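Descriptive analysis of the structure
Take a look at the letters that make up each chain.
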Amino acid sequence: MSLPETTVNELGMLRHVTEAKRLQALALVRQGRLYDLGHVLDEQAPVFPGRYFRQTLVTTAHHANSLAPVGDNDVTWITEVFSATTQLGTHLDSLGHLQMGDRAYGGFSVADLAGTAGLTRLGAETIPQVVTRGWLVDASPLEPGDVIGLDAVVDIDPEPGDAVLFHTGWSSRWGDAETYLSGEPGPGIEVAEWLAEREVALTGCDTWSYGPVPAENAARPFEVPQHLNVEHGVFIVENLDLSVLAADDVREFALVLTFPKLRGATGAWTSPIALV
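Structure report, in brief.

Basis of the calculations
Each chain has its residues counted from 1, running along the sequence as written. Totals for whole chains, interfaces and linings use every residue, but because this is a predicted model, local features are given only for residues with pLDDT of at least 70 and side-chain atom pairs only at 80 or more, for both listing and counting. Side-chain calculation: all heavy atoms of the structure are included, whereas hydrogens and water are not. The patch calculation keeps residues exceeding 30% relative accessible area without a salt bridge and links them within 9 Å when they carry like charges or within 5 Å when they are nonpolar (Val, Leu, Ile, Met, Phe, Trp, Tyr). We get accessible surface area from the Shrake-Rupley algorithm with a probe of 1.4 Å; when it comes to residues, only the shown protein chains can shield them. We define a salt bridge as a side-chain nitrogen of Lys or Arg found within 4 Å of a carboxyl oxygen belonging to Asp or Glu. Comment: elements are numbered from the N terminus, with helices defined as DSSP H or I runs of at least four residues and strands as E runs of at least two. Burial status follows relative accessibility: with a 1.4 Å probe on protein chains alone, a residue under 20% of its type maximum counts as buried, one over 50% as exposed, and anything between as partly exposed. Between N-to-C directions, angles cover 0 to 180 degrees, with each direction set by a line fitted to C-alpha atoms, over the stretch in contact for helices. Here the angle decides the label: under 35 degrees means roughly parallel, over 145 means roughly antiparallel, 65 to 115 means roughly perpendicular, and every other value means oblique. Should the near helix be turned anticlockwise from the far one by less than a right angle, the crossing is left-handed, and should it be turned clockwise, the crossing is right-handed. The contact rule is simple, with two residues in contact once any of their heavy atoms fall within 4.5 Å. Polar here means any residue other than Ala, Val, Leu, Ile, Met, Phe, Trp, Tyr, Cys and Pro, which are nonpolar, and Asp, Glu, Lys and Arg, which are charged; Gly is therefore polar. Buried residues of nine kinds, namely Ala, Val, Leu, Ile, Met, Phe, Trp, Tyr and Cys, make up a nonpolar core once their side-chain atoms join them within 4.5 Å. Here a pair means two rings of Phe, Tyr or Trp (six-membered ring of Trp) with centres within 6.5 Å. Their orientation is stacked below 30 degrees between planes, edge-to-face above 60, and tilted elsewhere. By the convention used here, strands pair only if DSSP detects at least 2 bridges between them.

A few points about a nonpolar patch on the surface
Taken together, the side chains of V70, V75 and W77 make up a nonpolar region of the molecular surface, amounting to roughly 240 Å² of accessible area. For W77, the position within the fold is in the loop between α3 (60–67) and β3 (79–84). With a relative accessible area of 40%, W77 lands in the partly exposed category.

Structure, rendered in structure tokens:
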């Protein structure tokens, strides 16, 4: 049965991740090796200006009940509170994150999307959990503004619903926020077109955004992720750690990417894994 048009719009290219695609991906797992592709998220994580991550331990309850533990088994507990945007750390962007003028993917306007507490359409809760075939393109080492061109993807052959991840080596600067955020290399607009033509469901990079900064065209900043998100419904993962995957020369793998279904969120923290 076909999906309603509104649902198809919100799925974007992830509509191609079918049961058959998941089986194809899992058939690639022969050795049981697992690669964690996410960075640790804490208050030292590099963040785009205007965003922040704060974690506070809720100690009041613990201090109170430690003096009078609950039950004969003296149970006590510790909890924490987070104050942060989902747009930092290793995260998946929802299709409501970027717009072109007043329009987002599917033709939705900002007025259609923006509620008082989050997105009313295209939020993280509309994104399906992902199990698909992944490809790694190792273009490292690159510097800020370096553009990954079509020559880098000649050895891969993604199909609709696949994921393509780009290793630039830039995440080696993760511990130096000033350097890490000073710019980045990334796929250029020609590669973005190539990915869209092949109906790739998801793409990502080991950088804080996606695409070169400074941009190929200084008058068109962040054009690459904008083009993929808004015009084609291709999902993007940022701040990946692909170093070990690249060092082990893994080029094709099963990608498993799960995340909290936060209603109305413009993105979702994730720690994807590659299985071979």
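Once you've had a look at it, read on.
What about the pattern of salt bridges?
Under the counting rule described, the total for this entry stands at twelve salt bridges. Between E143 and R173 there is a salt bridge; the shortest N-O distance is 3.4 Å. Of this pair, E143 sits in the loop between β5 (130–138) and β6 (147–148) while R173 sits in the loop between β7 (163–167) and α5 (177–180); the two residues are 30 residues apart in sequence, bridging distant segments of the chain. Residue R173 is classed as partly exposed on the basis of its relative accessible area of 23%. Overlapping salt bridges bring together K21, R133, E159, D162 and E252 as one network.

Looking at the packing of helix α6 (residues 189–197) against helix α7 (residues 223–232)
Where α6 meets α7, the axes come as close as 9 Å, and the angle between the chain directions of the two elements is 25 degrees. In terms of their interaxial angle, α6 and α7 are classed as roughly parallel. α7 is crossed by α6, and the crossing has right-handed handedness. Residue-level contacts link I189, A192, E193, L195 and A196 of α6 to E223, V224, H227, L228 and H232 of α7. For the contact of α6 with α7, a count of residues per class yields six nonpolar, two polar and two charged.

Re the nonpolar core
One finds L37, F166, L195, L245 and F253 to be the most contacted residues of the largest nonpolar core, which totals 56 residues. Counting residues per element, the ones that place at least two in this core are β5, β7, α6, β9 (202–205), α7, β10 (235–238), α8 (243–247) and β11 (252–257). Those residues in contact with F253, other than ones at most four positions away along the chain, are L28, T132, R133, G134, W135, L136, L165, L245, A274, L275 and V276. If you look at the next biggest cluster of nonpolar residues, it comprises six residues, including W170, Y180, W208 and V213.

Let's talk about the packing of aromatic side chains
We describe a pair of aromatic rings using the distance from one ring centre to the other and the angle between the two ring planes. Per the stated rule, a full pass over the model turns up eight aromatic pairs. Taken together, a centroid distance of 6.4 Å and an interplanar angle of 75 degrees make the contact between F82 and W269 edge-to-face. Placement of F82 in strand β3 and of W269 in strand β12 (residues 267–269) is noted, with a sequence separation of 187 residues between them. For W269, a relative accessible area of 24% gives the class partly exposed. The rings of F48, W208 and F222 are connected pair by pair, giving a single aromatic cluster.

Some remarks on the sheet that holds β7
Ordered in space as β1-β13-β11-β5-β7-β9-β10-β4-β12, the nine strands form an open sheet in which the pairing is mixed. Taken across any chain shown, the strands that pair with only one partner, and hence form the sheet edges, are β1 (34–36) and β12. Pairwise comparison of adjacent strand axes, ignoring direction, gives a mean angle of 25 degrees for this sheet. Summarising the sheet, strand β4 (residues 91–93) and β10 pair through two bridges and their orientation is antiparallel. Within β10, the position partnered with L92 by the bridge is V237. Packed onto the sheet, helix α2 (residues 19–26) meets β5 and β11 and runs at close to 55 degrees relative to β5.

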